[in-house]
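# Observations on the model geometry
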Amino acid sequence: MNKITNDSRSGNSSQSIKQGFLEHLKYTLGVDEYTTTNHDRFMALSYTIRDRLINQWIKTQQTHHNKNTKRAYYLSLEFLMGRAMGNNIINMQLEDNVSKALAGLGYNLEELEEQESDAGLGNGGLGRLAACFLDSMATMDLPSFGYGIRYDYGIFKQKIDDGYQIEQPDDWLRNGNPWEIERPDVTVNVPFGGRVESYNEKGKTVYRWVDTNDVIGVAYDMPIAGYGGKTINTLRLWSARAAEEFDFHDFNEGDYVEAVSAKVQAENLTKVLYPNDTLYLGKELRLKQQYFFVACSLHDILRRFRKSGRPWKKFPDFAAIQLNDTHPSIAIPELMRLLIDEEKLSWDIAWEITVSVMGYTNHTLMPEALEKWPESMLEKLLPRHLQIIFEINRRFLNKAITFFPDDMDKIKGISIVEEGNPKQIRMANLCITGSHSTNGVAALHTELLKSRLVPSFAKIFPDRFNNKTNGITQRRWLLHANPPLAALITETIGDAWITDFSQIRKLEVWAEDKDFRGKFQKTKTIAKQRLSEHVENKFGIILNPNSFFDVQIKRIHEYKRQLLNIIQIIMLYNRIRKGNPDDYFPGISIFAGKSAPGYDMAKLIIKLINNVSDVINSDESINGKLEVYFLPDYKVSLAEKIIPATDLSEQISTAGTEASGTGNMKFMCNGAITIGTMDGANIEIVQEAGRENEFIFGLSAEEVEELKPVYNPESYYRKDKEIKEALDLIFHDYFSFSEPGIFEPIRKMLMEKGDRYMYLADLRSYDDAHQEAAAAYGNREEWNRKAIINIASSGKF
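Structural notes, computed from the coordinates. (Residues numbered from 1 in each chain as written. Predicted model: local features only at pLDDT ≥ 70, side-chain atom pairs only at ≥ 80, totals over all residues. Heavy atoms only, no water.)

## Examining the overall build of the protein
- Along the backbone of the protein there are 32 helices and 24 strands.
- For the protein, the C-alpha radius of gyration of 28 Å lies close to 28 Å, the compact-globule estimate for 797 residues.
- Seen through its C-alpha atoms, the protein measures out along the principal axes to roughly 90 × 80 × 60 Å.
- For the protein, the computed accessible surface area is about 31700 Å², with 48% contributed by carbon and sulfur atoms.
- Averaging the positions of the 96 positive and the 110 negative side-chain charges in the protein gives two centres separated by 5 Å. (Helix = DSSP H or I, 4+ residues; strand = E, 2+ residues; numbered from the N terminus. Rg over C-alpha atoms; globule rule 2.2 N^0.38 Å. Areas by Shrake-Rupley, 256 points an atom, 1.4 Å probe, with all protein chains shown as cover. Lys, Arg positive; Asp, Glu negative; His and termini not counted. Charge placed at Lys NZ, Arg CZ, Asp CG, Glu CD.)

## Concerning the side chain of His363
- Among the secondary structure elements, His363 is positioned in the loop between β13 (358-361) and β14 (372-374).
- On the basis of relative accessibility, which here comes to 16%, the residue His363 falls in the buried class.
- A polar atom in the side chain of His363 sits 2.6 Å from the side chain of Asn324.
- With residues near it in sequence (within four places) discarded, His363 still touches Leu126, Leu129, Asn324, Asp325, Val441, His445 and Ala659. (Buried < 20%, exposed > 50% of the residue type's maximum accessible area, 1.4 Å probe, protein only. Polar contact = N/O pair within 3.5 Å; in protein donor to acceptor, adjacent residues only side chain to side chain. Contact = heavy atoms within 4.5 Å.)

## Some points on the pairing of strand β2 (residues 79-82)
- By the alternation rule, side chains of β2 split into Phe79 and Met81 and Leu80 and Gly82, which are all buried.
- Relative to strand β3 (residues 119-121), β2 runs antiparallel, the two being bridged by 3 bridges. When the sheet's bridge partners are listed, Phe79 is paired in β3 with Leu121. (Pairing = 2+ DSSP bridges.)

## Concerning the packing of helix α21 (residues 514-539) against helix α24 (residues 636-645)
- For the pair α21 and α24, the least separation of the axes is 7 Å and the interaxial angle reads 140°. By the angle between their directions, the pair α21 and α24 is classed as oblique. Between α21 and α24 the crossing geometry is left-handed. Contact residues: α21 offers Lys524, Ala527, Lys528, Arg530, Leu531 and His534, while α24 offers Leu638, Glu640, Lys641, Ile642, Pro644 and Ala645.
- Residues of the contact of α21 with α24, tallied by class, amount to 6 nonpolar, 1 polar and 5 charged. (Axes fitted to C-alpha atoms, helices over the stretch in contact; angles between N-to-C directions. Parallel < 35°, antiparallel > 145°, perpendicular 65-115°, else oblique. Left-handed = near helix turned anticlockwise from the far one by under 90°. Nonpolar A, V, L, I, M, F, W, Y, C, P; charged D, E, K, R; others polar.)

## Re the pairing of β13
- Taking every second residue as pointing to the same face, both faces of β13 are buried, with Met358 and Tyr360 on one and Gly359 and Thr361 on the other.
- Where strand β12 (residues 319-324) and β13 come together, 4 bridges link them in parallel fashion. Paired with Asn324 across the bridge in β13 is Thr361.
- Judged from the 3 bridges that link them, β13 and strand β17 (residues 437-440) form a sheet pairing that is parallel. Note on β17: the bridge partner recorded for Thr361 is Asn439.

## Some words on the sheet that holds strand β19 (residues 548-553)
- As summarised here, the arrangement of the 6 strands in space is β21-β20-β19-β22-β23-β24, forming an open sheet in which the pairing is parallel. The outermost strands of the open sheet, each flanked by one partner alone, are β21 (626-631) and β24 (695-696).
- Here 6 bridges tie strand β20 (residues 587-592) to β21, and the two strands are oriented parallel to one another. Along β21, the bridge assignment pairs Phe591 with Phe630.

## Things to note about the packing of aromatic side chains
- Counted according to the given criterion, the structure contains 26 aromatic pairs.
- For the pair Phe697 and Tyr766, a centre-to-centre distance of 4.9 Å together with 45° between the ring planes defines the contact as tilted. Remark: Tyr766 occurs in helix α31 (residues 759-777) and Phe697 occurs in the loop between β24 and α27 (701-707); sequence separation between them is 69 residues. There is no split in this pair, since Phe697 and Tyr766 are both buried.
- Taken together, Phe548, Phe585, Phe695, Tyr777 and Trp783 form an aromatic cluster joined through their ring pairs.
- Here Arg183 stacks its cationic end above the ring of Trp57, 5.6 Å away from the centre of that ring.
- Here Lys528 stacks its cationic end above the ring of Phe549, 4.9 Å away from the centre of that ring. (Phe/Tyr/Trp six-rings, centres within 6.5 Å; stacked < 30°, edge-to-face > 60°. Lys NZ or Arg CZ within 6 Å of the ring centre and 35° of its normal.)

## A word on the pattern of salt bridges
- Summed over the entire model, instances satisfying the criterion amount to 62 salt bridges.
- A salt bridge links Arg83 to Glu114, with the nearest nitrogen and oxygen atoms 3.2 Å apart. A residue pair is termed long-range when its members are at least 10 positions apart, and Arg83 in the loop between β2 and α3 (85-91) and Glu114 in the loop between α5 (109-113) and β3 qualify at 31 residues.
- Among the residues examined, Arg83 registers a relative accessible area of 13% and is labelled buried.
- Between Lys380 and Glu284 there is a salt bridge whose closest N-O contact spans 2.9 Å. Of this pair, Lys380 sits in helix α13 (residues 375-381) while Glu284 sits in helix α10 (residues 284-306); the two residues are 96 residues apart in sequence, bridging distant segments of the chain.
- You can call Glu284 partly exposed: its relative accessible area is 30%.
- The structure contains a network of salt bridges with shared partners spanning Arg183, Asp221, Arg236, Asp300, Arg303 and Arg304. (Salt bridge = Lys/Arg side-chain N within 4 Å of Asp/Glu carboxyl O.)

## As for helix α17 (residues 443-453)
- Considered for burial, the residues of α17 that qualify are Leu444, His445, Thr446, Leu448, Leu449 and Leu453.
- Contacts from the buried residues of α17 go to β17, α18 (455-460), β18 (465-467), α26 (682-689) and α27.

Encoded structure:
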């Protein structure tokens, strides 16, 4: 093995990195050149990069502490971080020297990156948004902390067996996580259950939460590097431990199982990430997870402020706490409890502080997706918090009734407590009431939030509502995911876009330059070849990189309308096999995404896609002019390979249902053109790039609402021959193989249950847009001009 020299921890030269790498192989992992594996090499390189993060990480925290800066605290039950190594190397600007160091030893950086497990601590867009925020805040030198849960098992691994989704556990920590540092000295005692005592102290009623069953939260920290490595912020994830590891009394009595039961029950708290599934709403473990991480995080935030010695009225000058959806909403009564019961502040002062520091991001327009918890469950697990929620509600309704003095229905609608059997606590109502800011995540979403979802709150608190359109980090999704395109952009307009994405607009004039369009086409071809190679190695699927890549990758859901996509593909299939296949350019439709385990319709849609894929891909009569593939186990690292290779980006949700989307932005900045509805952030994509540079179809949100009362999906089926023929293939078991009737629930959903998401109303318009896109791709120069305009217009996001 190469000789190890002394300089290895902080130097950024290729020689220093090489030295650090060899040291870690030998002294951290205990292997030599004869026994080392690719995973050993990945771990050694990760530790080597982490060494270079730690010095600046410590300096960052010291600077924030010494300057008494205000910090942003981002509370999220999900962080879909993906892989860390490539992102850290990019942000520390070490890529060239790392590659050189490894090459000198005969190793390849990309091969080692493939050894890393995705940190899949989220279900989709909400968790990915949280990850992008952390990257951006560090790059902008904003003092911040992310707080979440260190799940032992992340979002499940998806296997496809006979077309069906099979869920398997994602044991992402099985081989260790080199990026985290356990902080055994940073622990928090988290109580559950028990009862509330009240007593009189100096003429004032004081409350005490007693007889609780406690769990210990232990902190694990991950460094979040900003681009350039100047600021390294922290993602702190909490893991549950038992307050008592072992009951010796039970052990000595011979009851070995009972002796460790408390430990097992406590550690189950952070064992697994809940899937995004209404099946899991209202589950006790989910509520316990939410309170556990909120209690740990607020304890940590308050501990940091106490050290300053300042009065509590100054707390809002030093902390801004953002609640990512309603999952951390229990933070509002928890902060009130801490300020009133432990810090002995009055209700009014505690409430003023709480509202001042809390902000709330809403992520959904669907009433059924808004979290509610049974009052009885809160009384059992968090009795003091329920008392505080009741008092918050009483005071709020006293104010609200002055706005709606003669309208008890409105008062009932905005109450935090929903009357019924059982009574429920509405967490979104709690968030809006207990924070100074409620933001939507796209312009349309925010307007519909105010006008449709919570109009009464918008009247009471008009100044609290604002829009913050979702965004992405161009460093992961362009600089890291698409190096050839990133290099072309930098060569053309400089590198300021890496930290100031508004600079990407300078690329727009180059859309008119034929030579530049040719260079862009080469980067797209390279991305397609890279994806094709990966898909062949991973799944045994052979893609033709000279084909048109039409891609829909996202969580499988009825409102995201993967079903609309596959029905249109069947229409196209019918057209090709009835006509002359030579009239069509080769096209590949790629799907990827996971269904929630309990979501039967979404899982059936996956089955349909796979069955249609089997039929079309094996039909020799169409001469390979249409292929369909469902790529299993969609995750961040797979998206990083698919997105750069995409020509057409499918963003086809029913207008008025998608809050924003972020995948649409990732595709856009990689030169894919959007086919989509005027929904979510698609509207702002159109505003930025021009409608003429996208393929827009379908009903608007207003038209959807107008049509709903009189909508008859069967009329669309009867009057359009192509639509009827495509649907009949599904309804009459053409794709069912040996399982006749398997797709009957889809027929019932469309034809008998009202077609809630307007598939048939939008299908003809969608097909027309697809035909327009296919014709446009025939003029490659014009297509590439549109694609480059999309890249140049993505700076807003």
